[in-house]
Amino acid sequence: MSDTATRVLSLEDDLLDLLGPAAVSTEPRVRERASVDGSPMSPIIAAKLPLGLADLVVFPADAEQIAIAVAAAARHGVPVTVRGKGTGNYGQAIPMQGGLVVDTTRAKAIVEVGDGFITAEAGTPMVLLEQAAWAAGQALWMYPSTAQSTLGGFLSGGSGGTGSIEHGSNDRGFVAALDVVHADGSADIIHVEGDDAQKYVHNYGTAGVIVRATVRLEPLREWRGLWASFPDFSGTLAVLQTIGNLDPTPRLVSGDGPEISASLPADEAIPGGRSSLRAIIDASLIDTVTAIVEGAGGRVEAVREGPQASIRLSMLSYNHPIEWYQKSQPHEVFHLEVAGTPLAEDVDAVEAVFAGGKLHIESTKAFPIGMLAAPYVSEEDVYRGIADLNAIGVGVHNPHQWNVDFNVEQTAELARLTDPNGLLNPGKLNPDYSGARKGAIIS
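Residue positions are given per chain, counted from 1 along the sequence in the order it is written. Selection of residues for local features in this predicted model requires a pLDDT of at least 70, selection of side-chain atom pairs for listing and counting requires 80 or more, and totals for whole chains, interfaces and linings are taken over all residues. Excluded from the side-chain calculation are hydrogens and water; included are all heavy atoms of the structure.

Let's talk about the overall build of the protein
We apply this condition: Numbering goes from the N terminus for both helices and strands, where a helix is a DSSP run of H or I of at least four residues and a strand is a run of E of at least two. It is over C-alpha atoms that the radius of gyration is taken, and the globule rule equals 2.2 Å times the number of residues to the power 0.38. Note on exposure labels: buried denotes an accessible area under 20% of the residue type's maximum, exposed denotes more than 50%, and partly exposed covers the range between, all computed with a 1.4 Å probe on protein chains only.
Helix and strand counts for the protein come out as 17 helices and 18 strands. By the compact-globule yardstick of 22 Å for 443 residues, the protein fits well, its C-alpha radius of gyration being 22 Å. Overall, the C-alpha framework of the protein stretches about 70 × 50 × 35 Å when taken along its three principal axes. Within the span of the protein, comprising 443 residues, buried residues form 60% of the whole.

Section: the packing of aromatic side chains
Selection criterion: Aromatic contacts are taken between Phe, Tyr and Trp rings whose centres are within 6.5 Å, Trp giving its six-membered ring; a plane angle under 30 degrees counts as stacked, one over 60 as edge-to-face, and the others as tilted.
For the coordinates displayed, the defined rule picks out 3 aromatic pairs. Judged by centre distance (6.2 Å) and plane angle (65°), the ring pair of Phe-154 and Phe-174 falls under edge-to-face. A residue pair is termed long-range when its members are at least 10 positions apart, and Phe-154 in helix H6 (residues 151-157) and Phe-174 in the loop between helix H7 (164-167) and strand S8 (175-181) qualify at 20 residues. Each member of the pair, Phe-154 together with Phe-174, is buried. Plain terms: the ring middles of Phe-334 and Phe-354 are 4.9 Å apart, the flat faces sit at 80° to each other, and that makes the pair edge-to-face. Placement of Phe-334 in strand S15 (residues 333-339) and of Phe-354 in the loop between helix H15 (347-352) and strand S16 (358-362) is noted, with a sequence separation of 20 residues between them. The pair Phe-334 / Phe-354 is uniform in exposure class, with both members buried.

Examining the nonpolar core
Stated formally: Nonpolar cores were defined as sets of buried Ala, Val, Leu, Ile, Met, Phe, Trp, Tyr and Cys residues, with membership established by side-chain atoms within 4.5 Å. We call two residues in contact when some of their heavy atoms are within 4.5 Å.
Membership of the largest hydrophobic core comes to 35 residues, with the highest contact counts inside it found for Ile-243, Val-289, Leu-336, Val-338, Phe-354, Leu-359 and Leu-389. The element best represented in this core is helix H9 (residues 233-244), accounting for 5 residues. Excluding residues that lie within four positions of it along the chain, Phe-354 makes contacts with Phe-334, Leu-336, Leu-372, Ala-374, Asp-381, Val-382, Arg-384, Gly-385, Ile-386 and Leu-389. Core analysis: the second largest hydrophobic core is formed by 30 residues, Ile-118, Ala-120, Val-127 and Leu-151 among them.

Some remarks on the packing of helix H1 (residues 3-19) against helix H4 (residues 63-76)
Our working definition: Only the stretch in contact is used when a helix axis is fitted, and all axes are lines through C-alpha atoms; the angle between N-to-C directions ranges over 0 to 180 degrees. Angle categories: roughly parallel below 35 degrees, roughly antiparallel above 145, roughly perpendicular from 65 to 115, and oblique for all the rest. Whether a crossing is left-handed or right-handed is set by the direction in which the near helix is turned from the far one by less than a right angle, anticlockwise for left-handed and clockwise for right-handed.
In the contact formed by H1 and H4, the axes pass within 10 Å of each other and the chain directions differ by 150°. The orientation of H1 relative to H4 falls into the category roughly antiparallel. Between H1 and H4 lies a crossing of right-handed hand. Of the residues in H4, those in contact with Arg-7, Ser-10, Leu-11, Asp-14, Leu-15, Leu-18 and Leu-19 of H1 are Gln-65, Ile-68, Ala-69, Ala-72, Ala-73, Arg-75 and His-76.

Thoughts on the side chain of Ser-229
Quick reminder of the rule: A 3.5 Å cut-off defines polar contacts: any pair of N or O atoms within that distance qualifies, except that in protein one atom must be a possible hydrogen donor and the other a possible acceptor, and neighbouring residues in sequence count only when both atoms are side-chain atoms.
Structurally, Ser-229 can be placed in strand S11 (residues 223-230). Engagement of the side chain of Ser-229 in a polar contact is seen with the side chain of Glu-301, the distance being 2.6 Å. Apart from residues no more than four positions distant in its own chain, Ser-229 is found in contact with Pro-271, Arg-274, Ser-275, Gly-298, Arg-299 and Glu-301.

Observations regarding the environment of Ser-169
Looking at the secondary structure, you find Ser-169 in the loop between H7 and S8. Take Ser-169: its relative accessible area is 1%, and that puts it in the buried class. Taking the C-alpha atoms as reference, Ser-169 lies 26 Å from Gly-357; in sequence the two are 188 residues apart. Within polar-contact distance, the side chain of Ser-169 engages the side chain of Asp-171 at 2.6 Å.

Details of the pairing of S15
We count it as follows: Any two strands with at least two DSSP-identified bridges between them are counted as paired.
Most of S15 sits inside the fold, with 7 of its 7 residues counted as buried. What you see with S15 is no split at all: Val-333, His-335, Glu-337 and Ala-339 on one side and Phe-334, Leu-336 and Val-338 on the other are buried throughout. With 7 bridges joining them, S15 and strand S17 (residues 369-375) adopt antiparallel strand pairing. Its bridge partner lying in S17, Leu-336 is registered against Leu-372.

Structure (structure tokens):
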């Protein structure tokens, strides 16, 4: 038996004693499910799968048990990868060196809802946090388009979503405090706040594992979901930033041309053959937005209220329209995350970078961002296109690689202290990473 296998068996015995048999599994199907994420959305990554298989999976029931599992793996010298729902698209949650996968989805207690904050365990779905906030007359600063994602997963691997027009990405003050555990063999939970907490955001758990988090809430407004349509994409593009820059700030403004719109789930508010614009706005803006839409040759298709209307719109934003578009096409489709004024001002040039290119667009306060989809030809063609997009003033984030791409140097420095043996999600933190970084999209 190899040294690695011996260490894994020893860890399994330890975890069975610490957490009980219901929390520990070596079943092949469980290990396989815990070793994949949303990365098949990328044809480039999909061609390289499988990239790793867990030897052991553990299901902690709370934050303290997450810490216990991570500490046990560190003591035994076994690599450990922590995951939420596995919705990330870049392979962040794949255990590339095997070892232990910690599935946090059972650790989902909401600890406290206070004035301007909510504290919950890492496995809590974001949609449950939003529902708890609404019940208290508040709302999350932001939540991702995959609203079922876990709190820990969104902070470790996500960027932004609904609410990002006003608040930017999730490293811009959304996190008030974190409880984390390091890979030093101790199950001590370390409380960090402010700037110290930001160091653990968007680094895929490579410098420490988030077991509990406190994030910002704001007073609940009278949100309305508004659906509009235009004869073609030019109408949507003409008004998207205008609506995004209104006061009070909308939570979300998304748009698609007729082709991507046709692939979205059936809804009378998304009529066939037309470009779709969707927004979550303050109720006081309904007349203003209606006038903007009609002035650009469009029409308002529906105005809906309540949390379900907002969640439904959120799940038709960011990557989600591209996922629906991929499913509708007879060929492989890839996408890039893109940003900059050319998306609205010269969409033909942006889409022409790739044959058959189609753009999904979102508003931010500064400039539009989006997802550029096209038929997949080759990895080389994708990288050729990234250079061509940069040349016309379009920022690009590359979703076809799994390296930490945010505060890389800071994370590597922190990990030298918090993970001295390189056991946390190995294969994801490359100090020499020189590719496109997260900040190219949402600021």
